[in-house]
Amino acid sequence: MNPFPPGADEDTPVFVISVAAQLSGLHAQTLRSYDRMGLVSPGRTSGGGRRYSVRDIALLREVQRLSQEAGVNLAGIKRIIELENEVDALRTRVAELTEELAHVHAVAEQAAAAIHKSYRHDLVPVRQETALVVWRPQSRR
């Protein structure tokens, strides 16, 4: 069962900043600061108001955990987030390439099967000859 409204998912920006602050356990000013630093990039309304998604809330909680429990500074947290995003993108690309390779492999197998099917299975006469070659090296003088 999907806990989101129809057409929405974990990336749909729905929470105003006060609700996002409450859900993440952070102060609204901290959320604004994280937005300015590029740690979390919430969606925007046409009037410019921030709207946070479920994924944004999870990211805010992770930023808080890394900062408070692991002692990582904000620059380090930003780099960790960038690297995790890069790993996710690479995993997606690997999955795409694996799927493409499987498809190409299947097409190649079909082509090879078609070629093998097209072989004639008739007997073809082969001319057999036997020749004897005698080699005599020239003597060196």
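Up top you'll find the structure we're talking about.
The shown structure was predicted, so the numbers you read here are calculated from the model rather than taken from an experiment.

Q: Describe the overall build of the protein chain, with residues and values.
A: Looking only at helices and strands, the protein chain has four helices and two strands in total. Along the chain direction, N to C, the helices and strands of the protein chain fall in the order α-α-β-β-α-α. In terms of overall size, the protein chain is more extended than a compact globule, its C-alpha atoms giving a radius of gyration of 34 Å where 141 residues would be expected to give roughly 14 Å. Within the protein chain, buried positions represent 17% of all 141 residues.

Q: Which residues make up the environment of Val-19, and what are the values?
A: Here Val-19 is to be found in helix α1 (residues 17–24). Judged by its relative accessible area of 30%, Val-19 is partly exposed. The sequence separation of Val-19 and Val-104 amounts to 85 residues, and the corresponding C-alpha distance is 49 Å.

Q: Outline the packing of α1 against helix α3 (residues 54–68), supporting the account with residue identities and numerical values.
A: Relative orientation of the contacting elements α1 and α3 amounts to 50°, with a least axis distance of 9 Å. On the basis of the axis angle, α1 is oblique to α3. Considering how the two elements wind past one another, α1 and α3 form a crossing that is right-handed. Seen from α1, the contacting residues are Ala-20, Leu-23 and Ser-24; seen from α3, they are Ile-57, Leu-60, Arg-61 and Gln-64. Split by residue class, the contact of α1 with α3 holds four nonpolar, two polar and one charged.

Q: Which residues make up the side chain of Ser-53, and what values do they have?
A: Within the secondary structure, Ser-53 is located in the loop between β2 (50–51) and α3. Within the structure, Ser-53 has its side chain in polar contact with the backbone oxygen of Glu-10 (distance 3.4 Å). When residues no more than four places from it in sequence are discounted, the contact partners of Ser-53 are Glu-10, Asp-11, Thr-12, Pro-13 and Phe-15.

Q: If you had to explain the pattern of salt bridges to someone new, which residues and values would you point to?
A: Pairing between side chains of opposite charge can happen when their charged atoms approach one another. Scanning the entire structure with this criterion turns up eight salt bridges. In this structure, Asp-88 engages Arg-91 in a salt bridge whose closest nitrogen and oxygen atoms are separated by 4.0 Å. Pair noted here: Asp-88 and Arg-91 are both in helix α4 (residues 74–118), with a separation of three residues, about one helical turn. Judged by relative accessible area, Arg-91 falls into the exposed class, the value being 58%. Here the residues in one salt-bridge network are Glu-10, Asp-11 and Arg-55, joined through shared partners.

Q: Any details on α4? Residues and values, ideally.
A: Counted at 1.5 Å a residue, the expected span for α4 with its 45 residues is 66 Å, and the 66 Å between its end C-alpha atoms agrees. Looking at where α4 begins, the residue whose side-chain oxygen comes 3.3 Å from the main-chain nitrogen of Ala-75 is Asn-73.

Q: Which residues make up α1, and what are the values?
A: All buried positions along α1 are accounted for by Ile-17, Ala-20, Ala-21 and Ser-24. Viewed along the axis of α1, the buried residues span an arc of 100°, placing them on a single side of the element. Each element contacted by the buried residues of α1 is listed here: α2 (28–37), β2 and α3. Once α1 ends, the next one or two residues include Gly-25, with phi positive near 80°.

Cut-offs applied
- Residues numbered from 1 in each chain as written.
- Predicted model: local features only at pLDDT ≥ 70, side-chain atom pairs only at ≥ 80, totals over all residues.
- Heavy atoms only, no water.
- Helix = DSSP H or I, 4+ residues; strand = E, 2+ residues; numbered from the N terminus.
- Rg over C-alpha atoms; globule rule 2.2 N^0.38 Å.
- Buried < 20%, exposed > 50% of the residue type's maximum accessible area, 1.4 Å probe, protein only.
- Axes fitted to C-alpha atoms, helices over the stretch in contact; angles between N-to-C directions.
- Parallel < 35°, antiparallel > 145°, perpendicular 65-115°, else oblique.
- Left-handed = near helix turned anticlockwise from the far one by under 90°.
- Contact = heavy atoms within 4.5 Å.
- Nonpolar A, V, L, I, M, F, W, Y, C, P; charged D, E, K, R; others polar.
- Polar contact = N/O pair within 3.5 Å; in protein donor to acceptor, adjacent residues only side chain to side chain.
- Salt bridge = Lys/Arg side-chain N within 4 Å of Asp/Glu carboxyl O.
- Expected span 1.5 Å × (residues − 1).
- Arc of directions from axis to C-beta.

By themselves these figures say nothing about function.
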